[in-house]
Amino acid sequence: MLTLTDIRTKRDELIEALAKRQFNAAPILDRIIELDEQRRQTQTQLDNLLSEANNIARSIGQLMKEGKHSEAEGMKVRTTAIKEESAGLKDMLNGIDDDLKAQLYLVPNAPYKLVPSGKSEHDNQTMDTFGEIPDLGTQALPHWELTQKYDLIDFELGTKITGAGFPVYKGKGARLQRALIQFFLDEANNSGYTEYLPPHMVNEDSAFGTGQLPDKEGQMYHDAADNLYLIPTAEVPLTNIYRDVLLKEDDFPIKMCGYTPCFRREAGSYGKDVRGLNRLHQFDKVEIVQIEHPDRSYETLEQMVLHVKGLLTKLELPYRTLRLCGGDMGFASAMTYDMEVYSTAQQRWLEVSSISNFETFQANRLKCRYKTKDGKSQLAHTLNGSALALPRIVAALLENHQTENGIRIPKALVPYTGFEYIN
RNA sequence: GGAGAGGUGGCAGAGUGGUAAUGCAGCAGCCUGCUAAGCUGUGACCGGGUUACUGGUCCCUGGGUUCGAGUCCCAGUCUCUCCGCCA
């Protein structure tokens, strides 16, 4: 959520930035400014009234002490009137406040200056491309055939046990999952990220803090009995570690990583995009999260991209980096890089990581602040990225490294799998 | 699930219904020829004022009683201890 201070002082700038998302901000921002103005006026009125009531109560106390009871009784008349009046103002203030919040929740984050304007994925900027796309000719099998051929993943068994989108990993397929998780966590640890193993369910406050609520309720599995949500990503529990926290300036940077399964209802998805491992209801992911000083958050974003590039290089996968255009970015992000690997058999790029700087958008909801040298509280910047999401990595590994002798495991991963080939 | 105790500032910790002690840490300033110590100021949030300054809110949450609630009443919630159940 944008801060009121920014909306008040940088209205025109924000409107211009939000236009890059094709978001017409002027009407709603002006409405917010108007409500904010009303709120402050009402509050001043209420404060004055309460101030008067406080003074009277003080005087009555004094008179009682001095034994002037009848005089004290006389003053109570005025306080009765004040009580009614202030109750009315309080209701009005709450009403305005609710309206104001409702409006604020509707405004997405303002794209950073480097973000290109655009409507859809077609307007994204390709920053770089690495690695060679192997020439597998017409022999190349898609991963959903490879997993069957080598008995690595049983999609139908998952459907029987749970439902579509819940695959069962088996044998070397299960082992490969575990190896990748371990590899990603080790790499993150080596880059200075502190490992966490957080809860896989979160409460309402946490889901709100990172922006899943109130909007994207339908994307999460919800346990109504206890009002808990299954996490759609480790970002939610990890970032919420710093909800309602007041940091010191030298606490930065805060670097966290964690492996969790991720649960997504993916309501409304269909077609060839959901084939095989492309889109699942449950999948595994290692996430990296940073909380940074506003002055350094964009430097940090680049470092996080470098970390992910390192992983993809070690996995010997062809990949490219995209800078997302305004229209393709998530609601809360100020700038996002997507990392995509090439799926040889499907002949398309698959998103395996999304790395974003949220600036103060999440921190404002989380109340994650730090104290400056001169004692002022400022909102911190939050960032996160996948490092990495497993299913599409597995798809790309299987497809790109398929040979006549089976599937070759990249060198960096062999110590983790314990085997060099799947055959 | 049952019984009891408790939730007060970044932390620790007081508080007969009269308007939140004190200590520690952090930060700012002063002082001592360095260091340590010492002295002064400093809670968070929302407002008003160009500044000095100033109003309000906040003692887990929500209601209630009262001129006035950290303190009394009701409901909820979380933590701790014990019991029960259990991997």
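These numbers were taken from a predicted model, which means no experiment stands behind them.

What about the packing of helix 2 (residues 11-19) against helix 3 (residues 26-65)?
As a packed pair, helix 2 and helix 3 sit with axes 10 Å apart at the nearest point and diverge in direction by 150°. Of the possible angle classes, the one that applies to helix 2 and helix 3 is roughly antiparallel. Handedness of the helix 2/helix 3 crossing: right-handed. Here Arg11, Leu14 and Ile15 of helix 2 lie close against helix 3, whose contacting residues are Ala26, Leu29, Asp30 and Ile33. Here the residues of the contact of helix 2 with helix 3 sort into 5 nonpolar, no polar and 2 charged.

Some thoughts on the domain arrangement of chain A
The domain boundaries assigned to chain A delineate domain 1 (4-105) and domain 2 (121-422). Relative to domain 2, the C-alpha centre of domain 1 lies at a distance of 44 Å.

Points about the sheet that holds strand 15 (residues 377-379)
Two modes of strand pairing occur in sheets, parallel and antiparallel, and in both the strands are linked by backbone hydrogen bonds. Pairing in this open sheet of 3 strands is mixed, and the strands run 8-14-15 from one edge to the other. The open sheet has two edge strands with one neighbour each: strand 8 (245-248) and strand 15. Ignoring strand direction, the axes of neighbouring strands in this sheet form an average angle of 40°. As judged from the 3 bridges shared by strand 14 (residues 368-371) and strand 15, these two strands associate in the antiparallel manner. Looking across to strand 15, one finds that Arg369 is bridged to Leu379.

Concerning the sheet that holds strand 6 (residues 222-223)
Read from one edge of the open sheet, 3 strands run 5-7-6, paired in antiparallel fashion. Each edge of the open sheet is held by one strand with a lone partner, namely strand 5 (201-202) and strand 6. Here strand 6 pairs with strand 7 (residues 228-230) via 2 bridges, running antiparallel. Bridge pairing links Asp223 to Leu228 in strand 7.

Brief notes about the protein's contact with RNA strand B
Taken together, 21 residues lie near RNA strand B, and Arg39, Gln43, Asp47, Ala57 and Lys373 sit nearest. Of all atoms in RNA strand B that approach within 4 Å of the protein, 73% are sugar or phosphate atoms. Residue Asp47 places a side-chain N or O atom 2.7 Å away from a base nitrogen belonging to RNA strand B. Between Arg369 and RNA strand B, the recorded distance is 3.0 Å, taken from a side-chain N or O atom to a phosphate oxygen. If you tally residues by element for the surface near RNA strand B, the top one is helix 3, at 14 residues. Taken together, the residues of the surface near RNA strand B sort by class into 4 nonpolar, 7 polar and 10 charged.

Each value, and the rule that gives it
Residues numbered from 1 in each chain as written. Chains lettered and ligands numbered in written order. Predicted model: local features only at pLDDT ≥ 70, side-chain atom pairs only at ≥ 80, totals over all residues. Heavy atoms only, no water. Axes fitted to C-alpha atoms, helices over the stretch in contact; angles between N-to-C directions. Helix = DSSP H or I, 4+ residues; strand = E, 2+ residues; numbered from the N terminus. Parallel < 35°, antiparallel > 145°, perpendicular 65-115°, else oblique. Left-handed = near helix turned anticlockwise from the far one by under 90°. Contact = heavy atoms within 4.5 Å. Nonpolar A, V, L, I, M, F, W, Y, C, P; charged D, E, K, R; others polar. Domains from an automatic or database assignment. Pairing = 2+ DSSP bridges. Near = heavy atom within 4 Å. Polar contact = N/O pair within 3.5 Å; in protein donor to acceptor, adjacent residues only side chain to side chain.

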